[in-house]
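Geometric and topological summary
Residues per chain, in single letters:
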Amino acid sequence: MKIGKRSLPIGTLVLGFLVLVFIGVAIFRYWKGLGAASNMSDGRGWGIWIGFDLYCGVALAAGGFTLAAIVYIFNLEKYHPVVRPAILTAFLGYMLVAFALLIDLGQPWYIWHAVIYWNIHSPLFEVAWCVMTYLAVLALEFSPAVFEKLHWNVPLKYIRMIQIPLVIAGIVISTGHQSSLGSMLLMTPDKLSPLWYTPILNVLFLVSAISVGLAMVIVESSLSGKALGHKVDVSLLGGLAKAIPYILGFYLILKLGALLAAGNLGLIFTEYPENLYWWLEVIVGVVVPVVLFTRSSMRQSRTWLFVGAGSVVLGLVINRFNVTMLAMRMRPDTSYFPSWMEFAVSIGLVAGGVLVYMLANRFLPVVEHHEVHDEVQQEVHHEEAQETA
Amino acid sequence: MPKGVLYDNTRCIACRACQVACKSWNGNPGEETQNHGTYENPTKLSAKTFTAIRFREVEDDGKLNWAFAKVQCMHCLHPGCKAACPVAALQKDEENGPVVYDDTRCFGCRYCMLACPFEIPTFQWDKPVPWIRKCTFCADRLGGGLEPACVKTCPAGALKFGERDDLIAEARSRIAASPDKYIDHIYGEKEVGGTSWLYLSDVPFEDLGFRTLSDERVDANPQRVLKTVPWMFAGVAALMGGLYWFTKRRQKMSQGESGDREKEEEVAK
C-alpha cells in the first residue's frame, strides 16, 4: 500500500521550533550560568525546572508502572492495547526529567557522582538511584517494540523471559521514588505550609501519582487518537476512569485526616492565601474528576473522559506547584517568577517529547496492528478525496 | 567536645569588623550594594558574603531599641543540609563543630538550600561552574587551634568561642545576672536539635528575624520514612509476586475448564 508524501504538518513545525529555542537557551545556560538563564536566586533555589519538569514529570509518567501492574500482574487483558503507549510515555517522561536535570543542576557533568558518593540518609539519594534504575527498566520494558521492528528475535526472547521480574522491579522502584519525592519535602517542616506538610506526605505523593498515571493514559490516548488516528476503545478508557474516583477519594480522606490529626483542619479556611491554592488543587484535582467519573454516562463519552482525566492531571500539577513553590516559604524579600528562558526549557522539553512520541508511533509497533491499519486507511481515503477534488 | 560561639547582641556595637575579617580570611570580594536607608551592608548573605550584621529598629516600652544580630551558618548539631545532600558533600566535624562543604562532591542540586531552616547555603548563580558557599566556621583556623576570624576580630567582646556546654552555662549566668536586660532564651540551644552558634538578645528573637523553630531535628520525619523503605520494597515485591501468581493461576484454571469443555463437546459429537 502506497502512502503518499505529505509536507510536514504545522504542528510538527511548531514543536520543532520550540525544540530549537530550547537548544539555544540550553547553550546560553551553560555559557552564562544559571543566574543569567533563570530567575532563581538564593531566596528561591528551586524553580519550575524542579517544580514542573521534575516533580510533575515524574508523577505524570506514573502510567508506566500502573498500567504494567494492571496488565501483567493483575492480568486484566482488556487494557493491553494501552500498556505499550503508557510505557513509552513513561520512558519519554523520565528522559525529559533527566534532560531537565542536566539543565537545572549547577554542575550536571557531575550528575554521576551519586553513583560513587553515597548519603543513604538523603531522600534525594534514594530518588536519584530509583530514577536511574527505573530508566533502565523502562528502556528494557519498551525494547520489545524496537526488537519487533528490527526482527531481532533472540533479544526479544530474552526480554520476554524477564518481563515479569522487570515489571515487578518497575513497580517497586516507582513506589520508592514517587513517594520519596514527597519525603524530600519532609525536610522542611517550618518552610512548607502546614496545609501540606504532614509526616505521611510520601503516601499522599504515591496515591496521587497512581491516580494521575491512569489519568495520563486517558489523556495521552485521547490526544493520540485525535492526532495519529488510532482510537482506543471507549470502554477501556472508561474502565480506567471508573477506578480513579476510588483512588482520589482515598487520597482526599488521607489528606483531610492528616490535617485533622494535626489540628490544622481550620487552616483550609484561615490560612490565606495558601488556602486558595489548596481549594483550587482539591476542586480541580479531586472534586471535578470524582463528580464526572462516578457517572457511567460520562465514562462512555470520549469528551468527558478527556475533561475528567485532564482535570486530574491539572490538579496534580497544581499540587506539585503548591508544595515546591507556592506554599514553600522563601527568604524574606524574595520574589520568584520564571524567566522566559525557564519557560522555554520546560516547554521545549515537552515539545521534544511529543515529537519523539509521534516518531515512535510512526516507526515502531506501539499500538495494536488493527489500529495502525485504521490510520493507513484514513490516509488513503484522504488522498483519494484530494485526487477527485 | 563540640565547639560553639556565643553572640551577645547587648555587647555588639555593629561595627561590622566581623564582616570584614570574614571577607579577608575567605578571600571573598566586596559586593556592590544600593543604599535603601538601612545600615545593613550587604542586606543578605550570598556566595560572596558569609556573614552580615542585621539592624532592626524595635519598639521597647515606647523607647526605640536599635538591635543587632550577626547572621551566618549556625553549624547545627544535626544539620538539615547534611541530611539532604545526596552525595554527602556537607559533613559535620563532630569534634570541632563546623559543618564543612566539599567542592569535589557537589553537583549543584541545591537541595541543601531548601533543607536549611535558617536559609544559609548560597549559590554562585553568576558562575558557569557554580558551587555552594557558606560560613565555614573557619574550620581551617580551628584545625590550627585558632578562633574563627570574626571572633578574633570583634572589638566589643560580643563573640565568645569555646566549648558549647561552657557557652550555654555562661549564657545562663548572664541572663541570671541581668534578668531585665535579656530575653530569657538562648537561641540555638534547642532549636532544630541545637546549633553551634548560640544567641543572647535584649529584644524578642522574632524581631531580629530569628524564626521560632521546633526543637525537633529537621531530618526527623525523613529519617522515619527512609527507615520504612526496605520493608516497603520487600512488601511491594512480595505483594506483586503473589498477585501475579494468583491471577495467572486463576487464568490457567479457567482456560483448563474451557479446554475440558471443548474436549467434552468433541467427544459428544
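Scroll up for the structure.
Residues numbered from 1 in each chain as written. Chains lettered and ligands numbered in written order. Predicted model: local features only at pLDDT ≥ 70, side-chain atom pairs only at ≥ 80, totals over all residues. Heavy atoms only, no water.

To continue, consider the interface of chain A and chain B. The interface of chain A with chain B comprises 61 residues on the first partner and 57 residues on the second. In total, about 4,900 Å² of surface goes out of reach between chain A and chain B, with carbon and sulfur atoms giving 60% of it. Considering only the surface of chain A that becomes buried against chain B, A:Asp42, A:Met187 and A:Arg331 emerge as the three largest contributors, covering 14% of it. There are three salt bridges connecting chain A and chain B. Notably, a salt bridge pairs A:Asp104 with B:Arg110, separated by 2.9 Å at the nearest N-O pair. Taken together, the connections running from chain A to chain B amount to 28 residue pairs in polar contact (both at pLDDT 80 or more). Per element, the largest residue contribution to the side of chain A that touches chain B is eight residues, and it comes from helix H9 (residues 163–184) of chain A. Here the residues of the side of chain A that touches chain B sort into 36 nonpolar, 16 polar and nine charged. (Contact = heavy atoms within 4.5 Å. Buried area = accessible area lost by both parts, 1.4 Å probe. Salt bridge = Lys/Arg side-chain N within 4 Å of Asp/Glu carboxyl O. Polar contact = N/O pair within 3.5 Å; in protein donor to acceptor, adjacent residues only side chain to side chain. Helix = DSSP H or I, 4+ residues; strand = E, 2+ residues; numbered from the N terminus. Nonpolar A, V, L, I, M, F, W, Y, C, P; charged D, E, K, R; others polar.)

Under the definition given, this model contains 27 aromatic pairs over all chains. Connected via pairs of aromatic rings, a cluster forms that spans B:Tyr7, B:Phe118, B:Tyr187, B:Tyr199, B:Phe205 and B:Phe210. Across the ring face of A:Tyr158, the terminal group of A:Lys157 is positioned such that the distance to the ring centre comes to 5.7 Å. The aromatic ring of B:Phe123 is capped on one face by B:Arg110, whose charged end is 5.4 Å from the ring centroid. (Phe/Tyr/Trp six-rings, centres within 6.5 Å; stacked < 30°, edge-to-face > 60°. Lys NZ or Arg CZ within 6 Å of the ring centre and 35° of its normal.)

Looking at the element boundaries, A:Ala128 is found in helix H7 (residues 123–150). For the pair A:Ala128 and A:Trp112, spaced 16 residues apart in the sequence, the C-alpha separation amounts to 9.7 Å.

All names here are of chain B. With the rule as written, the count across this model stands at 21 salt bridges over all chains. A salt bridge links Arg11 to Asp8; the nearest nitrogen and oxygen atoms lie 3.7 Å apart. Notably, a salt bridge pairs Glu170 with Arg174, separated by 3.0 Å at the nearest N-O pair. One end of the pair is Glu170 and the other is Arg174, both in helix H6 (residues 164–177) and four residues apart, which spans about a single turn. A single salt-bridge network, built from bridges that share partners, covers Asp8, Arg11, Lys160, Glu170 and Arg174.

The next point concerns the side chain of B:Asn221. Residue placement: B:Asn221 occurs in helix H7 (residues 220–268). By relative accessible area, B:Asn221 is classed as buried at 8%. A distance of 3.0 Å separates polar atoms of two side chains, one belonging to B:Asn221 and the other to A:Tyr197. Not counting chain neighbours up to four residues away, the residues in contact with B:Asn221 comprise A:Leu186, A:Tyr197 and A:Pro199. (Buried < 20%, exposed > 50% of the residue type's maximum accessible area, 1.4 Å probe, protein only.)

This part covers the nonpolar core. A:Leu67, A:Leu185, A:Leu192 and B:Tyr111 are the most contacted members of the largest nonpolar core, which has 141 residues in total. Here the element with the most residues in this core is helix H10 (residues 201–228) of chain A; it accounts for twelve residues. Not counting the four nearest positions on each side in its chain, B:Tyr111 is found in contact with A:Trp46, A:Ser122, A:Pro123, A:Leu124, A:Met184, A:Met187 and B:Ala84. With 40 residues, the next largest nonpolar core counts B:Val5, B:Phe68, B:Ala158 and B:Tyr199 among its residues. (Core = buried A, V, L, I, M, F, W, Y, C linked by side-chain atoms within 4.5 Å.)

Turning to the side chain of A:Ser122, a few remarks are in order. Tracing the chain through its elements places A:Ser122 in the loop between helix H6 (113–116) and H7. At 3.1 Å, the side chain of A:Ser122 forms a polar contact with the backbone nitrogen of A:Leu124. Contacts of A:Ser122, omitting those with residues within four sequence positions, involve B:Ala83, B:Ala84, B:Cys85, B:Pro86, B:Tyr111 and B:Leu226.

The subject of this paragraph is the packing of H7(A) against helix H8 (residues 153–161) of chain A. All names here are of chain A. In the contact formed by H7 and H8, the axes pass within 9 Å of each other and the chain directions differ by 150°. By the angle between their axes, H7 is roughly antiparallel relative to H8. As H7 packs across H8, the resulting crossing turns out to be left-handed. Residue-level inspection shows Leu140, Ser143, Pro144, Phe147 and Glu148 of H7 in contact with H8, the latter providing Pro155, Leu156, Ile159 and Arg160. Grouping the constituent residues of the contact of H7 with H8 by class yields six nonpolar, one polar and two charged. (Axes fitted to C-alpha atoms, helices over the stretch in contact; angles between N-to-C directions. Parallel < 35°, antiparallel > 145°, perpendicular 65-115°, else oblique. Left-handed = near helix turned anticlockwise from the far one by under 90°.)

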